[in-house]
Amino acid sequence: MTRIPVDHWLLALRTVLAVWLALYLSLRLDLYQPAWALLAVMIVTLQPVMFTGGTPPIGIIIGRSIARLFGTLFGAIVGLVLIALFGQQPMLYLLFAGAWLAFCLYWVMLEQDEHLGYVMMLSGYTATLVSLTAIGTGVDDIWSVAQGRFSETALGIGCGLLMHVVIAPRFGSRALPTALSGFLSKAATEALASLEMPRPRTTRDAELKSLLQAYQQFEKLRGLTRLETRRLSHFIPALDRFASDSLALITAVRELETALDYLRACDDGEIWLNRLREQAIPLLKAIENEPDGQPSERLLLADFEWDEAAVPARSRARAELVRQRLGEVMGLLQHGRRLRHALNDPASSRIKSLPRERRSRSTHNEHFVARYNAFRVFIGFELLGQFWIHSGWHSGYLAMMLLGVFTMLFAKAPNPAAVVYQFMWGTIAAVLLGGVLLFLIMPMISGFWLLAIAIGIPVAIGTLMTPHPRWSLIGLAGAITLMTLLNLHSTYNFAPTSYINGGLASILGTIVTMIVYSLLRQRSAGERLQTLMASYWRGLSRLMRERSLPNRARLESRLYDRLGRLVTLGGSDRALREAVDLHAMALCVWRIRRLRDSLGDHRAGIEAWLADIGTRLVARERHDPDNWRRLADEGILWVERLYDETRLPIASIGEMAMLSHLMRSAPGIELESGGQANDAETNATKGAPRHAG
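Residues numbered from 1 in each chain as written. Predicted model: local features only at pLDDT ≥ 70, side-chain atom pairs only at ≥ 80, totals over all residues. Heavy atoms only, no water.

**Quick look at the overall build of the protein**
Here's step 1: Check the secondary structure of the protein and you find 27 helices and zero strands.
Here's step 2: Sequence-distant contacts, at least 24 apart, represent 84% of the contacts inside the protein between residues at least 6 apart.
Here's step 3: Of the roughly 29000 Å² of accessible surface on the protein, 58% is carried by carbon and sulfur atoms. (Helix = DSSP H or I, 4+ residues; strand = E, 2+ residues; numbered from the N terminus. Contact = heavy atoms within 4.5 Å. Areas by Shrake-Rupley, 256 points an atom, 1.4 Å probe, with all protein chains shown as cover.)

Here it is, written out as structure tokens:
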């Protein structure tokens, strides 16, 4: 028998007490529909549990609570407007209510800020909840419905938040310094291992994935700082800045390995590498062993002193390339160490030296995915609405409500039909349990405490189920549907026909949502990967051909945004390596073009060569490994020619050599060809509830 952890019992205690408090205050204040307050408690408390597998940090609860409050307010206002304009015109109401749902979902799919996206999600389906409830119970009562929806949601949010603050609160931001230390130590370890000796590619790929996981842990906790504590509030710009630098650090570590391979191929490569080791290893070991230690002045690697007549140009170019990449890694590590040390002492004067401004961001948006999701929610809402209107089924508005809620909640899930399928079983169980409560238990209840116990038992059961991936959606669906079906605002009356109609409508709404997701299937992971890669190649082609260069910070922001998506969709260690190589190649092209004025007479030829590569990429010649090898050979020919040009800066030659090395590995072929093979596995494994919503 599986033992239930203490954390899950505490979660159930918080939820039940919050439900009881919301129920008591709703009944005491004679609010419009007490079940809405209970529903707000359940969603605010339990929905984050699906992603954390236990009690979520208080920052997640606060963020969701605030977003839910504003989303409910905006949605209630839109619901009032919809009824005021189209309350007597059902066909126009369906058209505009469906359009509002589609618009909000389109925004949710594109919005990078989790809380703003949650506001739009709530605005979308709250508008339909308010307006459909008014249609089902009487349009003249629309103001009471809108006011009741907002006030009772606010009450439920407050009760749920209070219990999470009072009873054993979890502060995720307290683990932020440890997560940052782990990431810095891991990055320093990778740099040291690269300097020590060559490693097999499989080992490199596995360690790169481990480094990315350490970054993701830091990034997850970083988002909690602005919500959980004022102690770290003045660190937010610096943390946001280092979030971008962290991804740059991962790419720099990968480029350092490539540059080292290139230098070790020279006969005298170890001589120059030893000089770099002498300078870098002491600091790297200090960061590895004590990432939160006292930061020192920034260490700048000394320029090489060599006799140009005695040292081959090839060795000089490759050694200088390693020096630049190693310097970039060490600079980013030292930046992170200063930030980590400052977290130990928020009153330190060193805080003044940390960045005060966030970097500008430029994200990659999958507009097709957003448009397609908006289209299918609109189609599903309109078709079910036509059935409701032409059938004259009074309880059909409940099915419309659940369709709106489920299409908004699970649109981002890789396999939303599988998620809704689990929700359907929870809905059926809630309908059966609700019937038992209403017709067998409620008639024998007298007094608040008996009512509280009758409601608290199923709430506790649903809460204990939610942390388990296999049962989470069933538990949450059962709790939500049960709160929707209980008429706690009215005295008990025996009306089984009305209850059966409402229960069937709830089940129908869930089934229709599942059918919509099954018939109008989203692009698979492999297809999305190919679209994302095509967008990357178009951007790289523009970078190679256009005269003006983009701002580096914005370029890196978009590249790293794509990197996260490529890693998520690609899945394998090799896919991660290719994704990092692709972004390293784009940055390498940017550096070459930034140094174009120093290329002298070769500038026109090199820029024409890069423009020709950009044209071939758009022409889909990128899928041929032989073509990549030819491009790499052309790059090496340019490098060999530039070695004899003593007037050229050695950095330009090194960047050309790095680009050639990256092209020889044919980056992106595995990502584009492997995506289709991974579709079946993705659809089978990513329908899990932790990826929903």
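**Section: the packing of helix α5 (residues 90–110) against helix α6 (residues 114–137)**
The relative placement of two packed helices is expressed as an angle between their axes plus a distance between the axes.
Here's step 1: Relative orientation of the contacting elements α5 and α6 amounts to 165°, with a least axis distance of 7 Å. On the basis of the axis angle, α5 is roughly antiparallel to α6. Taken as a pair, α5 and α6 cross one another with a handedness that is left-handed. Contact with α5, carried on its side by Y93, A97, W100, L101, F103, C104, W107 and V108, involves L116, G117, M120, M121, S123, G124, Y125, A127, T128, S131, L132 and I135 of α6 and no other residues of that element.
Here's step 2: For the contact of α5 with α6, a count of residues per class yields 15 nonpolar, five polar and no charged. (Axes fitted to C-alpha atoms, helices over the stretch in contact; angles between N-to-C directions. Parallel < 35°, antiparallel > 145°, perpendicular 65-115°, else oblique. Left-handed = near helix turned anticlockwise from the far one by under 90°. Nonpolar A, V, L, I, M, F, W, Y, C, P; charged D, E, K, R; others polar.)

**Looking at the packing of aromatic side chains**
Here's step 1: The tally for this structure, following the rule as stated, stands at 13 aromatic pairs.
Here's step 2: Centre to centre, the rings of F86 and F96 are 4.5 Å apart; their planes meet at 10°, and the pair counts as stacked. In this pair, F86 sits in helix α4 (residues 58–86) while F96 sits in helix α5, placing the two residues ten residues apart along the sequence.
Here's step 3: The exposure class assigned to F86 is buried, which follows from its relative accessible area of 13%. (Phe/Tyr/Trp six-rings, centres within 6.5 Å; stacked < 30°, edge-to-face > 60°. Buried < 20%, exposed > 50% of the residue type's maximum accessible area, 1.4 Å probe, protein only.)

**A word on the environment of S665**
Here's step 1: Summarising the element assignment, S665 is placed in the loop between α25 (650–664) and α26 (669–677).
Here's step 2: As for S665 and W628, which are separated by 37 residues in sequence, their C-alpha atoms are 7.7 Å apart.

**Description of the nonpolar core**
Here's step 1: With 111 residues, the main nonpolar core has L540 and M585 as its most contacted residues.
Here's step 2: No other element matches helix α11 (residues 236–264), which puts 14 residues into this core.
Here's step 3: Ignoring sequence-local partners within four residues, the contact set of L540 consists of M585, A586, V589 and L617.
Here's step 4: Ranked by size, the runner-up nonpolar core spans 57 residues in total, among them I43, A67, V369 and A374. (Core = buried A, V, L, I, M, F, W, Y, C linked by side-chain atoms within 4.5 Å.)

**Some remarks on the side chain of E655**
Here's step 1: Position of E655 among the secondary structure elements: in helix α25.
Here's step 2: The buried category is assigned to E655, whose relative accessible area is 2%.
Here's step 3: Polar side-chain contacts of E655 include one of 2.8 Å to the side chain of R325.
Here's step 4: Once residues lying within four places of it in the same chain are set aside, the contact partners of E655 are L321, Q324, R325, C588, R591 and I592. (Polar contact = N/O pair within 3.5 Å; in protein donor to acceptor, adjacent residues only side chain to side chain.)

**A word on the confidence of the model for the protein**
Here's step 1: Chain-level pLDDT for the protein is 80 on average; 87% of the residues reach the 70-or-more range.
Here's step 2: A low-confidence stretch, residues 675–693 stays under pLDDT 50, and its non-local contacts, those more than four residues away or across chains, total 47 contacts. (pLDDT = per-residue confidence, 0-100.)

**A closer look at helix α15 (residues 396–409)**
Here's step 1: With 14 residues, α15 extends 20 Å between its outermost C-alpha atoms, agreeing within 8% with the 20 Å of an ideal straight helix rising 1.5 Å per residue.
Here's step 2: For α15, a buried count of 14 out of 14 residues is recorded, marking the element as mostly surrounded by other parts of the structure. (Expected span 1.5 Å × (residues − 1).)

**A word on a nonpolar patch on the surface**
Here's step 1: A grouping of I66, F70, L73, F74, I77, V81 and L85 is seen on the molecular surface, where their side chains present a nonpolar patch of about 600 Å² in accessible area.
Here's step 2: In this structure, I77 sits in helix α4. (Patch = residues over 30% accessible without salt bridge, like charges linked within 9 Å, V, L, I, M, F, W, Y side chains within 5 Å. Salt bridge = Lys/Arg side-chain N within 4 Å of Asp/Glu carboxyl O.)

**With respect to the pattern of salt bridges**
Note that side chains of opposite charge can pair when their charged atoms are close.
Here's step 1: On inspection of all chains with the given rule, the structure shows 23 salt bridges.
Here's step 2: Put simply, E255 and R325 hold a salt bridge, and the shortest N to O gap is 3.5 Å. Residue E255 is found in helix α11, and its partner R325 is found in helix α13 (residues 313–344); the two are separated by 70 residues along the sequence. Across the pair, exposure class does not vary: E255 and R325 are buried alike.
Here's step 3: Between R629 and D626 there is a salt bridge; the shortest N-O distance is 2.2 Å. You can see R629 and its partner D626 sitting in helix α24 (residues 625–643), three residues apart, about one turn around the helix.
Here's step 4: The structure contains a network of salt bridges with shared partners spanning E190, R199, R254, E257 and D581.

**Things to note about a positive patch on the surface**
Here's step 1: Where like charges cluster on the molecular surface, the positive patch consists of R538, R542, R545, R554 and R558.
Here's step 2: If you list the elements that add at least two residues to the positive patch, you get α20 (525–545) and α21 (552–570).
Here's step 3: Inspection of the secondary structure assignment puts R538 in helix α20. (Lys, Arg positive; Asp, Glu negative; His and termini not counted. Charge placed at Lys NZ, Arg CZ, Asp CG, Glu CD.)

**Things to note about the environment of T153**
Here's step 1: Mapped onto the fold, T153 is located in helix α7 (residues 142–166).
Here's step 2: For T153, a relative accessible area of 2% puts it in the buried group.
Here's step 3: With 109 residues separating them along the chain, T153 and V44 place their C-alpha atoms 9.9 Å apart.
Here's step 4: If sequence neighbours within four positions are ignored, T153 has contacts with A40, R68, T72 and G148.

**Concerning the packing of helix α14 (residues 367–391) against helix α19 (residues 496–519)**
Here's step 1: Viewed as axis vectors pointing N to C, α14 and α19 meet at an angle of 140°, and their least axial separation amounts to 10 Å. It follows that α14 is oblique to α19 by the angle criterion. At the point where α14 passes α19, the crossing takes the right-handed sense. Residues R376, G380, L384 and F387 of α14 pack against L508, V512, V516 and Y517 of α19.

**Re the side chain of S123**
Here's step 1: Take S123: it is sitting in helix α6.
Here's step 2: Each residue touching S123, except ones within four places of it in the same chain, is listed here: G71, F74, G75, W100 and C104.

**Thoughts on helix α17 (residues 448–465)**
Here's step 1: Between its first and last C-alpha, α17 extends 26 Å over 18 residues, near the 26 Å set by a 1.5 Å rise per residue.
Here's step 2: By the largest-angle criterion, G456 marks the main kink of α17, which is about 25°, and a proline, P458, follows within four residues.
Here's step 3: Of the residues making up α17, those classed as buried are L451, A452, A454, I455, G456, P458, V459, G462, T463 and L464. (Bend = angle between axes of the 7 residues up to and from the residue.)

**Structural notes on unusual backbone geometry**
Here's step 1: One non-glycine residue with positive phi stands out, namely D30, at about 55°.
Here's step 2: Its location among the elements puts D30 in the loop between α1 (6–28) and α2 (34–46).
Here's step 3: Classification of D30 by relative accessible area gives exposed; the value is 67%.
Here's step 4: For A168, which is not a glycine, the phi torsion comes out positive at approximately 45°.
Here's step 5: Checked against the element boundaries, A168 lands in the loop between α7 and α8 (176–196).
Here's step 6: The exposure class assigned to A168 is partly exposed, which follows from its relative accessible area of 40%.

**Comments concerning the environment of H394**
Here's step 1: Structurally, H394 is set in the loop between α14 and α15.
Here's step 2: As for H394 and T137, which are separated by 257 residues in sequence, their C-alpha atoms are 9.5 Å apart.
Here's step 3: Contacts of H394, omitting those with residues within four sequence positions, involve G136 and W388.

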